[in-house]
Structures are given as C-alpha cells and as structure tokens.
Amino acid sequence: MRRNKITTPTFEAIQRAAVLLADGQLVAIPTETVYGLAANALDELAVKRIFAAKGRPATNPLIVHLADVTQLAWVTDPNLDPIVTQRINKLSQFWPGPLTLVLPRNAAVPDIVTAGLDTVAVRIPSHEVARQLIHACGFPLAAPSANRSNYVSPTLAIHVIEGLGDEVEMVLDGGPCGHGLESTIVKLDGQNVTMLRPGVITRDQIANCLGTDVLVHSHDHGNTSLLAPGMMREHYSPTTPIRFVDEIALADLPPRCGRIAFAPLATDSSDREQLLHPFIRMEVLSPTGDLSEVARELFGAIRRLDHENLDLLLVDRCEPTGVGEAIMDRLTRATAKSSRS
Ligand code: TXA
Ligand code: MG
C-alpha cells in the first residue's frame, strides 16, 4: 500500500529521509504552510524528478528551503546590493516562517531550480520536522507544494499520497499544516519590494517591517508572466467546478451541490434561503468566521468535497485585505475556469 509511505517523523525516520534525499530521491515534508515535495536543490537530476512527478512545466521555478539564515550564502549572490541585505535583515524577523524571498542567486544553484532566472526563491520553514531534516541533510531542499501541477495544495500527509503516492519515496507526517496556505512571496531587488504571492504574512506586515511601499504584482493572472511564473490564473482548481456563492442564483443550481461557508449561515438574513437549500454537503470552516482558521481549513474542505462527485461547489468570498488577500487570491484562481464557462 502506498499509504505505508507515510512515516512518523522520529529521529531515525528523519535520518532515513536525509539519506534518501542525498541519494537523489523525493521525500514529502511537512511545513507550516502546506506539504512540500522535496529534493536536494543542488542535485539537478533529483530536481528534474520533482518536475516529472508533478507534471510541472520547466518554466515554473521552485522555492529553496533552508534551516537558518546563515545558509542563505548557499544559494544567494555573495555581492548583494546593501539595500537588499538591509531588507533581508529586517524581514528575517518573519523567519523561520511562511515568508519566501526572491533574491539574486549564485552559481551553485542549478538552472532547473530557478527556471533559468537570475533569482532564487528562498524560505526558512518553521516546522520543526522540516528544519531538522534540512539540518540532517546539510544541503538545501527544493520543494514545491506536494500536489500534481494545478491541483489544490496538500495540508495533510494523506493528501500527498492521493496525488503523488507512486512518485514519492516517503512522506514525513507532521500532522495538519498550521497555516494551510502557501507562503507569502516577496521579491527584493536594488529598487523595489514586490509581493508576488499573498500569504498569511500580509502586505501590511511587510510594509510596516520595511517602512516602505510594497508593490503588488499585477494580478492579471496571465499565464506568461516572467516576474511570477507560477501565478497562473487557473491554478489550484479542484476537478469539480467551483464558483463564488454570489455568482449564481440558488434557483439555477444543479442538483448535486456542495457549499463551503466561512462561518455558520445566519438564520435572520439573506443566508436563510441557503439554509433551506438542499446542499448535498455543507462545510463550515470556522465557527466565528475567523480568516486564519478559514485559511487553515480551506484546501482540506475543497479536497473532501471534490471526492463527493458533486456538480458544483459554492464558496464564500471575503474582503481581500490581511489574510483575506491570500484567501481571495487562491479562490479567484480556483474559480477562474468555472466562472468563464
Ligand atoms: O509555502 C510554500 O511556499 C510551499 C511550501 C512547500 O514551502 N511551497 C510552494 O511552492 O508553494 P510552489 O512551487 O507551489 O510555489 C512556488 C512559487 C511559484 O509560483 C513559483 O513560480 C514562484 O514560487 N517562484 C519560485 N522561484 C521564483 C523566482 N526566482 N522568481 C519568481 N517566482 C518564483
Ligand atoms: Mg504549488
């Protein structure tokens, strides 16, 4: 059974994972955001396996994971612009944690990792298992989310097996991911600070930390952007069509509908109509509508409902500010295909 690749991350298991990785194999690792599909970032052949396993286009670069800031020198340009260094120092208050920085790279990083760009994306995860593993390896780990390309990111070990059970050697089971959405990605160059992907570390937190404006990568979600090659419009799509609840009238719903609500529906408002609607499955992500909780539960709920053979999933929307910016980013992309057709 592929399920038995799921391994409790004891000290011995982490050592075994490090040996597999040194040997060029793929190991799925828990992080505080989502599970990652890891390979030795300095081993070109191993990294090729990641792209093959996920069905990921070679034009979409990977994030390199480090155990601490001293390891930045493994992958970044030794002659960074002083302003970039200064900004890294300030932003390192979010490390270890769900922040990825895109920085000028050095020659040790194989081109396949960066899709030939002159920058490298780096992050220091806070999940203890990930950090212990990177320490045990002694080399950086390239790791995209451990899902097939364009599917929803995994927040449980079993999600990895569902999508990549045959491709991965071992899944270190670190339990459910604490944040549930992928890291915030910020690009630093000599001039600008640009947010390429929103996450649970918010744009305001970055701006306040640096005392500077944060540009936002324009979300045309075009499929050809070089600045943020992975920010494609139709990404994170479940197999079942998914729409925002306010995009379609209840009367027009197909028979087998699932509903993902951020908070319990209210009996005294416009929600009343929905309360009476015979949804086949209803998932309430937070008893209080707390957006951090919504973020944590969202991908798991989408996956559960995607297994139910439904005609349509309906999901709430929220204000695109704070953590809501990341939630709406993922949902706008998840609903893009269904909304157009
Ligand atoms: O939370 C996360 O970031 C998770 C965990 C596993 O760390 N990883 C993750 O990786 O979400 P992935 O591959 O699913 O998303 C990485 C994103 C992609 O959109 C990619 O295009 C972008 O990072 N990226 C990587 N290197 C880049 C670079 N040099 N310049 C611009 N974007 C880059
Ligand atoms: Mg991904």
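Residues numbered from 1 in each chain as written. Chains lettered and ligands numbered in written order. Predicted model: local features only at pLDDT ≥ 70, side-chain atom pairs only at ≥ 80, totals over all residues.

Cis geometry is found at the peptide bond from W95 to P96, where omega equals -10 degrees. The topology assignment puts P96 in the loop between α4 (82-91) and β5 (99-104). Phi angles above zero are rare outside glycine, and N150 is one such case at about 80 degrees. Tracing the backbone through its elements, the reader meets N150 in the loop between β7 (141-142) and α7 (157-164). (Helix = DSSP H or I, 4+ residues; strand = E, 2+ residues; numbered from the N terminus.)

Moving on to the sheet that holds strand β9 (residues 184-188). Spatially, β1-β8-β2-β3-β7-β4-β6-β5-β9-β10-β11 is the arrangement adopted by the eleven strands of the open sheet, whose pairing is mixed. Strand pairing shows two members of the sheet lacking a second neighbour, β1 (6-7) and β11 (215-216), which therefore form its edges. Inspection of the sheet shows β1 paired to strand β8 (residues 170-172) by two bridges, in the parallel sense. Counterpart to T7 in the pairing with β8 is L172. Across the sheet, helix α2 (residues 44-54) is in contact with β3 (36-40) and β7; its angle to β3 comes to roughly 155 degrees. (Pairing = 2+ DSSP bridges. Contact = placed C-beta atoms within 7 Å. Axes fitted to C-alpha atoms, helices over the stretch in contact; angles between N-to-C directions.)

Under the domain assignment, the protein chain is made up of domain 1 (2-216) and domain 2 (242-340). If you average the C-alpha positions of domain 1 and of domain 2, the two centres end up 29 Å apart. Contact with domain 1, which involves 14 residues of that partner, is made by 15 residues of domain 2. Broken down by class, the residue content of the side of domain 1 that touches domain 2 amounts to five nonpolar, eight polar and one charged. (Domains from an automatic or database assignment. Nonpolar A, V, L, I, M, F, W, Y, C, P; charged D, E, K, R; others polar.)

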